[in-house]
Protein chains: 2
Amino acid sequence: MTTNTSKGYDPADYPPFAVTVDVVIFTMVDGALSVLLVRRGQEPFAGMWAIPGGFKLPTESLDDAARRELREETGVDAASLLVQFGAYGDPGRDPRMNVVTVAYLAVLRDLEGIVAGTDAADAQLVPVERIVRGKVALAFDHRRIVRDAVERVRRDLESTGLATAFVGPTFTLSELRAVYEAGWEVELDGANFRRAVTAAAGWVVATGKRAAPGAEGGKPPELFRAGRAWKHGAPIRRPRNTTRGGR
Amino acid sequence: MTTNTSKGYDPADYPPFAVTVDVVIFTMVDGALSVLLVRRGQEPFAGMWAIPGGFKLPTESLDDAARRELREETGVDAASLLVQFGAYGDPGRDPRMNVVTVAYLAVLRDLEGIVAGTDAADAQLVPVERIVRGKVALAFDHRRIVRDAVERVRRDLESTGLATAFVGPTFTLSELRAVYEAGWEVELDGANFRRAVTAAAGWVVATGKRAAPGAEGGKPPELFRAGRAWKHGAPIRRPRNTTRGGR
DNA sequence: AATGGTTCTGGTCGTCAAGACTCTTACACG
DNA sequence: CGTGTAAGAGTCTTGACGACCAGAACCATT
């Protein structure tokens, strides 16, 4: 074992990099987990779809840079959620120079309306399934980044309060359940789901109000808001359809 | 919403950064999850303890850089595990320049012997608990990095085959159980643990051999090797001692 | 007003995983 | 040959979870 001699600090010693921050912005579009893509204006990959991103400034933290990119691209100031999930620095991932990018995933609620107000040639919301399966070509290594982001979302649904970021400040249990169903690609029984989140206090708090019944009719559902317990976990676990033991 | 105009490519446009890779190297030291610390030889923070790290080269990937650092610091070529878990770039985290570091966590098995062969003033294995609680002062923001790494280990124990990286190619169920107990700071019943990992095929494969009984005597335990199922998950879940609902 | 359709909401029931616990087996040591 | 120790096997209870059914509350249509 050698001692740590590697961090020499002659400024000529270290190779310069550009550091960028890319943000995978998720939202729910009629029951499908979707991400925001923007069309690139410049080379390289001009005209191609990509996830939003930009250079980090020396005066801001990585989190700040991600927040700034989010605001610049969507006008939204505070995302429901913004988490870092990976860094990408393969040689040649940017054809022009050494770029290391730090990837964030964000969750927004009302993105659909915002995107509808822009030129459809410049921004669109695409179901993750289409990106994962390669139906849409993305610039750089952005397809891999999106894939990793989706993977992270699936995990965090089970271990964090991520799901609440997809719904509004008040929500029905059906809406919340739909988030899990879309993220995990499963079907959950409504009655069992209700029991899981209402059995213990701290997950959802009844507001006493009711939402308007859907277009299809039906009993008007209760409105809830998120409790504090989400800070430390999730009320339900991902079903293991694979009979324990994998394969 | 604006279109993506942020990635201008005039080389004078983007602020230069140094990119480093830091590795939190975990190993088990008599039942305690521990990390490798090395003493810094140069400024800044000369003489202080830190986790190993160094500059990324433009010709290598981030993963390659992490592997290289691991080899340079420990002489070990292939770690049992090497995963990226975070990037850190707060302004001022390095007093001399703009540095963004990408953090990896590694798991090694026989590190104790390697460290014993070096000058104790240059490298040591420290239980994570001492670092988390701030008993050891670390350079840069390395304490935070180690804390995040520990958090990641705890999670990955439940959702990946991380635990098998701590044990040898063949192992007893007690050894494997000890990994979970140390990582989660819980006690697991030996009989129940055995049932969990042997109930379904694919987790552990009996080799037919038996290890020598411990110094304390007792029935000599069976030796197993890891099966393929670990690729996709873990055989046991972290006990929820908090009576569901957190708070 | 009655009927059928839809969704929410509460209840039941069987299955199975998870823990707690006990007992047997196989070694070392004196 | 007993005694101590840890591995390994068995039993039992609890409760979580999923599948399913039934009633309640609303809408739309007749």
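Look a little higher up for the structure.
What you see is a predicted model, and the numbers here were worked out from it, not measured in a lab.

## Looking at the overall build of chain A
- Summing up its helical and strand segments, chain A has 7 helices and 9 strands in all.
- Viewed in the frame of its principal axes, chain A has a C-alpha envelope of about 70 × 55 × 40 Å.
- Looking at chain A as a whole, 51% of its 247 residues qualify as buried.
- Put simply, of all contacts in chain A between residues at least 6 apart along the chain, 66% involve residues at least 24 apart.
- Carbon and sulfur atoms form 48% of the exposed surface of chain A, whose accessible area is close to 11300 Å².
- Charge-centre separation for chain A: the mean point of 33 positive side chains lies 8 Å from the mean point of 31 negative side chains.

## Digging into the relation of the copies chain B and chain A
- After a rotation of 180° and a shift along the axis of 0.0 Å, chain B superposes on chain A with an RMSD of 0.0 Å. The transformation just described matches what one would write down for a two-fold rotation axis.
- Comparing interface residues between copies, 100% of those in chain B also sit at the interface in chain A, which points to an isologous, same-surface contact.

## A short note on the packing of helix α6 (residues 173–184) of chain A against helix α7 (residues 190–199) of chain A
Residue and element names in this part refer to chain A.
- In the contact formed by α6 and α7, the axes pass within 10 Å of each other and the chain directions differ by 100°. Classified by the angle between their axes, α6 and α7 sit roughly perpendicular to one another. For the pair α6 and α7, contact is made by Leu173, Leu176, Arg177 and Tyr180 and by Gly190, Phe193, Arg194, Val197 and Thr198, respectively.
- Residue classes in the contact of α6 with α7 are distributed as 5 nonpolar, 2 polar and 2 charged.

## A word on the protein's contact with DNA strand C
- Close contacts around DNA strand C come from 21 residues, with Ser174, Arg194, Gly218, Lys219 and Glu222 of chain A the closest.
- Expressed as a percentage, the sugar and phosphate content of the atoms of DNA strand C within 4 Å of the protein is 63%.
- With respect to DNA strand C, the backbone of Gly218 of chain A contributes an N or O atom lying 3.1 Å from a base oxygen.
- One of the backbone N or O atoms of Lys219 of chain B is found 3.5 Å from a base nitrogen in DNA strand C.
- At the level of elements, α7 of chain A together with α7 (190–199) of chain B are the ones that each hand at least two residues to the surface near DNA strand C.
- Tallied by class, the residues present in the surface near DNA strand C amount to 6 nonpolar, 5 polar and 10 charged.

## What about unusual backbone geometry?
- Of note, the amide linkage connecting Glu43 of chain A to Pro44 of chain A takes the cis form, showing an omega dihedral of -5°.
- In this structure, Pro44 of chain A sits in the loop between β2 (32–39) and β3 (49–50).
- Here the phi dihedral of Phe140 of chain A falls at roughly 50°; this positive angle occurs in a residue that is not glycine.
- Along the chain, Phe140 of chain A falls in the loop between α3 (128–132) and α4 (142–159).
- On the basis of relative accessible area, Phe140 of chain A is assigned to the buried category, the value being 13%.
- Phi angles above zero are rare outside glycine, and Asp30 of chain B is one such case at about 20°.

Rules of the game
Residues numbered from 1 in each chain as written. Chains lettered and ligands numbered in written order. Predicted model: local features only at pLDDT ≥ 70, side-chain atom pairs only at ≥ 80, totals over all residues. Heavy atoms only, no water. Helix = DSSP H or I, 4+ residues; strand = E, 2+ residues; numbered from the N terminus. Buried < 20%, exposed > 50% of the residue type's maximum accessible area, 1.4 Å probe, protein only. Contact = heavy atoms within 4.5 Å. Areas by Shrake-Rupley, 256 points an atom, 1.4 Å probe, with all protein chains shown as cover. Lys, Arg positive; Asp, Glu negative; His and termini not counted. Charge placed at Lys NZ, Arg CZ, Asp CG, Glu CD. Least-squares fit on C-alpha atoms with pLDDT ≥ 70 in both. Axes fitted to C-alpha atoms, helices over the stretch in contact; angles between N-to-C directions. Parallel < 35°, antiparallel > 145°, perpendicular 65-115°, else oblique. Nonpolar A, V, L, I, M, F, W, Y, C, P; charged D, E, K, R; others polar. Near = heavy atom within 4 Å. Polar contact = N/O pair within 3.5 Å; in protein donor to acceptor, adjacent residues only side chain to side chain.

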